[in-house]
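Structure at a glance
Residue-level listing of the chains:
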2 protein chains.
Amino acid sequence: MKRIRLTVAYDGTAYCGWQVQPNGITIEEVINRKLGGLTGEDITIIGASRTDSGVHALANVAVFDSDTTIPPDRMAIALNQKLPDDIVIIKSEEVLPDWHPRYQKNITKTYEYHVTNAPFPNPLKRLTSFFVSYHLDIGKMREAAGYIVGEHDFASFCNIRTNALTTVRRVDELSIRQEGEDITFRISGNGFLYNMVRIIVGTLLRVGRGFYTPEQVKEIVEARNRKAAGVTVPPQGLVLVEIDYHEDETQKIEQ
Amino acid sequence: MKRIRLTVAYDGTAYCGWQVQPNGITIEEVINRKLGGLTGEDITIIGASRTDSGVHALANVAVFDSDTTIPPDRMAIALNQKLPDDIVIIKSEEVLPDWHPRYQKNITKTYEYHVTNAPFPNPLKRLTSFFVSYHLDIGKMREAAGYIVGEHDFASFCNIRTNALTTVRRVDELSIRQEGEDITFRISGNGFLYNMVRIIVGTLLRVGRGFYTPEQVKEIVEARNRKAAGVTVPPQGLVLVEIDYHEDETQKIEQ
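Residues numbered from 1 in each chain as written. Chains lettered and ligands numbered in written order. Predicted model: local features only at pLDDT ≥ 70, side-chain atom pairs only at ≥ 80, totals over all residues. Heavy atoms only, no water.

Naming follows an unreviewed UniProt entry, where chain A appears as tRNA pseudouridine synthase A of Hespellia stercorisuis DSM 15480. Looking at chain A in UniProt, the text filed under Catalytic activity (unreviewed entry) is "uridine(38/39/40) in tRNA = pseudouridine(38/39/40) in tRNA". (UniProt positions renumbered as here; feature names shortened; annotations may be inferred.)

Below, the structure written as C-alpha cells:
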C-alpha cells in the first residue's frame, strides 16, 4: 500500500466546490471516480483545501492510498487521460504513509483574487475575475492591507457558518498588483477561515471605493465581529495558487 | 433613420462564430435578436470581422440602421441588459449613414494569439489559449516573424476556402511577448485572409520547435502555396483586440 500525493489544478466554474456533497458534482468526486476506474479500487482522496463552488485552483493537494501498480510519478499522466479538461493533475508522487495534506506542522497557503476594473466587463474574464466598474484607490487599499498582515483573531472576516476551533490566523503577505484593468490581491498565510479571503477583499474594495478609511480596517479587525467587515466577494475571482509544506527531505519518499 | 455603430467584446467559446449560419447559434444572430426586441424593428447588423467558431473579440465592430428613440450612446447599456454574459457591447455611437465597417479607406486590425507553454495545461486558460508542452525558441520565432512583416502575397498563409480577390496584404507589426508560461503573438495589418493569423502562428511555432529555420519562413512566403506553411492552430487562442479606422472627425457624428 502506497500513499500518493496529487497536485491538482482546476477551473471551478462547473463544480459545486471540492468536497463531495449531495447537491451537485464536485472536483473530489470526479477524481475519486476516475481513480477508481484506473486502479480497480474504491478510492476516496483527502484534500488540503475544500474550495467553494466556483473557486479555482492552480495547485490544490490531495492524497490517497492504493495498491496500484501504476508508478506514483506516472499517475498524473494516467489520470489526465481520463479527467475532463477543466481538472488537470500537475504532479503525482509517493509520500510517507502518515503524510496528511491538512495536518502538517508548517503550511503556507497562497490565494489570489482577481478583479477586472473597467467601464464594461471583459467577457473573457467573467469566469475568472470579479468585475468592478467604480474607481478604486489602490494606494488606500495597500495602506489598509497593512492592518490585515500579522497574527490576528480574524473573527470579523469569517463566515458565521464556520466550525473552526479558533479564529486566530497569521497572514504573512497581502499585496495588491495593478496591470491595466487587472487588479490582483495576493494573500499568503498559515491558514484561512471560511470565506476569509473573499471577506478581506470585499473589505479592501470598500476602502478603495472610499466607504472606509484605511484606519477603519484596523477597527474592523479589532471588532471580531463579521458584521463589521465588508461583503463576501463572489467566488469566480478566487484561485488557490500554492500550498507550501516547507518540507524537509525526511517527509518525502525518494523516487 | 440613424446608423449606429457598436463595439463588441465576446467570448466565442459557445458560438459558431460571428456570422449567421444554419448549423448553430452565432454572435451576430444573438445581437440581431436582442436589437429586434429593443427596437421593435427587424434588424440585421453588419460586422467588420466575421470571426470563426471559438474565436474571441475585445473590440469587433458592427453597424445597423434604426429609427429607435434610444439615444445611440445609451444603446450599449440597453443591449447589455438583454445580452448573455459572454457578449458585451463596450461602446455605441452614431456614425454617418454611409459608414461601413468593412469598406473604410484605412483600416488596421490587430489580433493576439495566446499560447500556454508549460509541462501541463492550465485549466483556467484552456478556453483562451493553445497549450503547447514542447520547448520554444522565442529568439528564432522573433527572427522568423521579421519575414512576415511587410506587404506580401500571403497565399501560403490562406485557407484554400477563401474567396478573397487578392491574397496580397500588409502586416505592420508582429511581436512575440513571453511572460512566464504565457506567450502572446500580436499582429497588426490592413486585413487578414481566412485563417491567416492562425497559419502564421502555426508556422512560427514550428520554427520555435526547430522544425523550420527562420530563413525557411522567407521561402514559405515566397512559395505562395498553402502546403508550404505550418498547420492552422486552434481557434480558442485567437482574439480580435482592435480595429482602428484612423478616423478623422468628418466621419463621426458629433454627440
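Right, picking up where we left off after that structure.
Residue and element names in this part refer to chain B. Inspection of the secondary structure assignment puts Gly146 in the loop between helix H3 (138-145) and strand E7 (150-153). You can call Gly146 partly exposed: its relative accessible area is 46%. Taking the C-alpha atoms as reference, Gly146 lies 35 Å from Lys91; in sequence the two are 55 residues apart. (Helix = DSSP H or I, 4+ residues; strand = E, 2+ residues; numbered from the N terminus. Buried < 20%, exposed > 50% of the residue type's maximum accessible area, 1.4 Å probe, protein only.)

Two quantities define a packed helix pair, namely the angle between the helix axes and the distance between the axes. Residues and elements named next belong to chain A. At their nearest, the axes of helix H3 (residues 138-145) and helix H5 (residues 214-223) sit 8 Å apart, and the two run at 30 degrees to each other. Classified by the interaxial angle, the pair formed by H3 and H5 is roughly parallel. As H3 runs across H5, the sense of the crossing is right-handed. Across the interface between the two elements, Lys140, Glu143 and Ala144 from H3 touch Pro214, Glu215 and Val217 from H5. For the contact of H3 with H5, the per-class residue count stands at three nonpolar, no polar and three charged. (Axes fitted to C-alpha atoms, helices over the stretch in contact; angles between N-to-C directions. Parallel < 35°, antiparallel > 145°, perpendicular 65-115°, else oblique. Left-handed = near helix turned anticlockwise from the far one by under 90°. Contact = heavy atoms within 4.5 Å. Nonpolar A, V, L, I, M, F, W, Y, C, P; charged D, E, K, R; others polar.)

Residues and elements named next belong to chain A. With numbering matched to this structure, UniProt assigns "binding site: substrate" (unreviewed entry) to Tyr111. Relative to the helices and strands, Tyr111 is located in strand E5 (residues 108-117). What makes Tyr111 buried here is its relative accessible area of 11%. The residues touching Tyr111, leaving out its near neighbours within four places in the chain, are Ser49, Phe185, Arg186, Ile187, Phe192, Val197, Leu238, Val239, Leu240 and Val241.

Taken together, the 20 residues of chain B in the interface contact 20 residues of chain A. When chain B packs against chain A, close to 1,600 Å² is buried across both sides, 75% of that on carbon and sulfur atoms. Run the count over chain B and chain A and you get two salt bridges. A:Arg126 is paired through a salt bridge with B:Asp11; the nearest N and O atoms lie 2.8 Å apart. Across the chain B-chain A interface, the total number found is two residue pairs in polar contact (both at pLDDT 80 or more). Taken together, the elements giving at least two residues each to the side of chain B that touches chain A come down to strand E1 (2-10), strand E3 (56-66), helix H2 (75-80) and strand E4 (87-95) of chain B. Of the residues forming the side of chain B that touches chain A, the biggest block, three residues, is contributed by E4(B). (Buried area = accessible area lost by both parts, 1.4 Å probe. Salt bridge = Lys/Arg side-chain N within 4 Å of Asp/Glu carboxyl O. Polar contact = N/O pair within 3.5 Å; in protein donor to acceptor, adjacent residues only side chain to side chain.)

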